[in-house]
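Understanding the architecture of this molecule
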Amino acid sequence: MRALRLGRGLSQAALAGDYISTGYLSRLESGARQPTPRVVAYLAERLGVDEAAFLSQATSATLAIVLASVTSGVQPDSAERVAEALRLDDGRAPELRWQALWLLAGLRSDEGAHEAAYALLTELLALAEELDVPELLVRTCTRMSRCLRVLGDIVKAREYAERAVKLSTSLALPDRAAALHVLIPTEAEAGRLSEARRHADLLCALTEGTPGTAYVEALWASATVSMRQGDYRASQEMLEQALRLLASHEDLKLWMRLRLAAASLYLQSTPAQVAEARARLDEVAPVLRMIGSELHQQEMLSLQAHLAFEEGRFAEAQDLAGRVDDSDGRLSFRDRLRIEVLRGRLSIVEGDTEAGIAHLQRLAHNATAAHNLELAAEAWRSLAETLSASARLRGMSARPPASSGKDG
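What counts, and where the lines are drawn
Residues numbered from 1 in each chain as written. Predicted model: local features only at pLDDT ≥ 70, side-chain atom pairs only at ≥ 80, totals over all residues. Heavy atoms only, no water. Helix = DSSP H or I, 4+ residues; strand = E, 2+ residues; numbered from the N terminus. Rg over C-alpha atoms; globule rule 2.2 N^0.38 Å. Contact = heavy atoms within 4.5 Å. Lys, Arg positive; Asp, Glu negative; His and termini not counted. Charge placed at Lys NZ, Arg CZ, Asp CG, Glu CD. Phe/Tyr/Trp six-rings, centres within 6.5 Å; stacked < 30°, edge-to-face > 60°. Buried < 20%, exposed > 50% of the residue type's maximum accessible area, 1.4 Å probe, protein only. Lys NZ or Arg CZ within 6 Å of the ring centre and 35° of its normal. Disulfide = S-S within 2.5 Å. Arc of directions from axis to C-beta. Polar contact = N/O pair within 3.5 Å; in protein donor to acceptor, adjacent residues only side chain to side chain. Salt bridge = Lys/Arg side-chain N within 4 Å of Asp/Glu carboxyl O.

Going by the annotation in an unreviewed UniProt entry, the name recorded for the protein is Transcriptional regulator with XRE-family HTH domain, with Micromonospora jinlongensis given as the source organism.

Right, here's the structure in full:
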């Protein structure tokens, strides 16, 4: 109703006339009241449209108004409002529906509701294929790949990423870079390190010297590949360069995420770079308290648990790991498996060796079944390193004390 009125340049007073009040019309437009058949007939006549046309446009107009409201200001119930508008939508405006699905999928991902986001993205992809707009197809495939990687389906994630990269070759740089960003980690986690290295180098070449944060994110992706390849020095150099290039006022959320990622990579190096990891976590803590989501809080707890373990503070590591809540699916498949690896390592160092070994073996097999060869290798490596360290500790405790030099 509101869309029809504004489309004809009418004020509420002009449309209401003498038959209804402007207050009543305002409540009708907001959805607070439902019109009677007589009011529908009167308004259709005033607007110069058939009643059927008036009713057929209602759902699309509602969806448009909800989108305008949600995208123009932060509201706590944004996801629910968009979901309800989509439920009522009649599908007569597919471009508008695509926009609403895109927005809602992003909101669900931010909440950590990745399964719900995947269902929305499935419909979004079908709609993008129907519209046959290359940019929409690339962006949908890119987001689908990212969602599937979080859910642990590396094979499908790589398929969608490869499709996005192929479709993006004739598009603008942001779409090409976004597609490469999702392809690189899926290749690395699948053990295709040479392909990941080639695409990371291409991404850096494409984005170097461009405005914004594209090059910083490219360095981040490239550093991750170098870490997987065992080139810890190159990884650290690229990370430090990315950290220097990004000022907090440019993109505070990315500034925070980059430091969390840097701490994670430092802890995954061999040996773990605990001082550097601790410095990054200390640096990001106050920002995370201000703007961090529940997901970021869980990631922080997980990294603090890993740091405590590497520093030999096993009781604290156990406490922190116990506070990581990975039951609701907020954490990615990778982060969930890594915190489980830590729990297995803690079992071994605390003396429950048999249970710890079985737990780590099961995790390695799960990662292999998910085609995440990099995570599987990490689980096996963690098992070997923990058993070795545990044996050394037992040997030291069993060793007789050094002689004092005096006769016994």
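Having seen it, we continue.
A word on the overall build of the protein
If you tally the helices and strands in the protein, you get 22 helices and zero strands. The C-alpha radius of gyration computed for the protein amounts to 28 Å, which surpasses the reference 22 Å derived for 408 residues by more than 25%, pointing to a less compact arrangement than a globule. For the protein, the C-alpha atoms occupy an extent of roughly 115 × 45 × 40 Å along the three principal directions. The contacts in the protein between residues at least 6 apart in sequence include a share of 57% that link residues at least 24 apart. Treating the 47 positive side-chain charges of the protein as one cloud and the 55 negative ones as another, the clouds have centres 1 Å apart.

Brief notes about the packing of aromatic side chains
Overall, the coordinates contain three aromatic pairs when judged by the stated rule. A ring pair is formed by tyrosine 19 and tyrosine 42, whose centres lie 4.6 Å apart and whose planes are at 35°; its orientation type is tilted. With tyrosine 19 in the loop between helix H2 (12-16) and helix H3 (22-30) and tyrosine 42 in helix H4 (residues 37-47), this pair connects stretches of sequence that are 23 residues apart. The exposure class assigned to tyrosine 19 is partly exposed, which follows from its relative accessible area of 47%. With a relative accessible area of 15%, tyrosine 42 lands in the buried category. Ring centres 5.2 Å apart and planes at 15° place the aromatic pair tryptophan 98 and tryptophan 102 in the stacked group. Highlighted residues: tryptophan 98 and tryptophan 102, both in helix H8 (residues 94-111), separated by four residues, approximately one helical turn. On the accessibility criterion, tryptophan 102 (23% relative accessible area) is partly exposed. Cation over ring: arginine 143 sits above tryptophan 102, and NZ or CZ is 3.6 Å from the ring centre.

A closer look at the state of the cysteines
Overall, the coordinates contain zero disulfides when judged by the stated rule. Between cysteine 147, a cysteine without a disulfide, and cysteine 141, which holds the nearest cysteine sulfur, the sulfur-to-sulfur distance is 13 Å. A residue is classified by how much of its surface remains accessible, and cysteine 147, at 4% relative accessible area, is buried.

Focus: helix H7 (residues 78-88)
When we look at burial in H7, the residues that qualify are Ser78, Ala79, Val82, Ala85 and Leu86. Along the axis of H7, the buried positions cluster into a sector of 135°, meaning they face one direction only.

Comments concerning the side chain of serine 332
Summarising the element assignment, serine 332 is placed in the loop between helix H19 (314-323) and helix H20 (333-349). Residue serine 332 is classed as buried on the basis of its relative accessible area, which comes to 17%. A polar contact of 3.1 Å, which involves the side chain of serine 332, links it to the backbone nitrogen of aspartate 335.

Let's talk about the pattern of salt bridges
Where charged atoms from two side chains of opposite charge approach closely, those side chains can pair. Within the structure shown, the criterion is met by 25 salt bridges. Among the ionic pairs, arginine 108 bridges to glutamate 111, the shortest N-O distance being 3.1 Å. Of this pair, arginine 108 and glutamate 111 are both found in helix H8, three residues apart, which corresponds to roughly one turn of the helix. Judged by relative accessible area, glutamate 111 falls into the partly exposed class, the value being 32%. For arginine 345, the salt bridge goes to glutamate 310, with nearest N and O atoms at 3.7 Å. Taken together, the positions of arginine 345 in helix H20 and glutamate 310 in helix H18 (residues 294-310) put the pair 35 residues apart, joining distant regions of the chain. With a relative accessible area of 12%, arginine 345 lands in the buried category. Among the residues examined, glutamate 310 registers a relative accessible area of 34% and is labelled partly exposed. Taken together, the shared-partner salt bridges connect Arg228, Arg334, Arg338, Glu374 and Glu378 into one network.

What to know about unusual backbone geometry
Cis geometry is adopted by the peptide bond preceding proline 271, which originates at threonine 270 and carries an omega value of -5°. With respect to the secondary-structure elements, proline 271 resides in the loop between helix H16 (252-268) and helix H17 (274-291). Notably, aspartate 132 is not glycine yet its phi reads approximately 55°, a positive angle. Within the secondary structure, aspartate 132 sits in the loop between helix H9 (114-131) and helix H10 (134-151). For aspartate 132, a relative accessible area of 57% translates into the label exposed. Unlike most non-glycine residues, histidine 371 shows phi in positive territory, near 65°. Of note, histidine 371 is situated in the loop between helix H21 (353-369) and helix H22 (373-398). Assessed through its relative accessible area of 45%, histidine 371 is described here as partly exposed.

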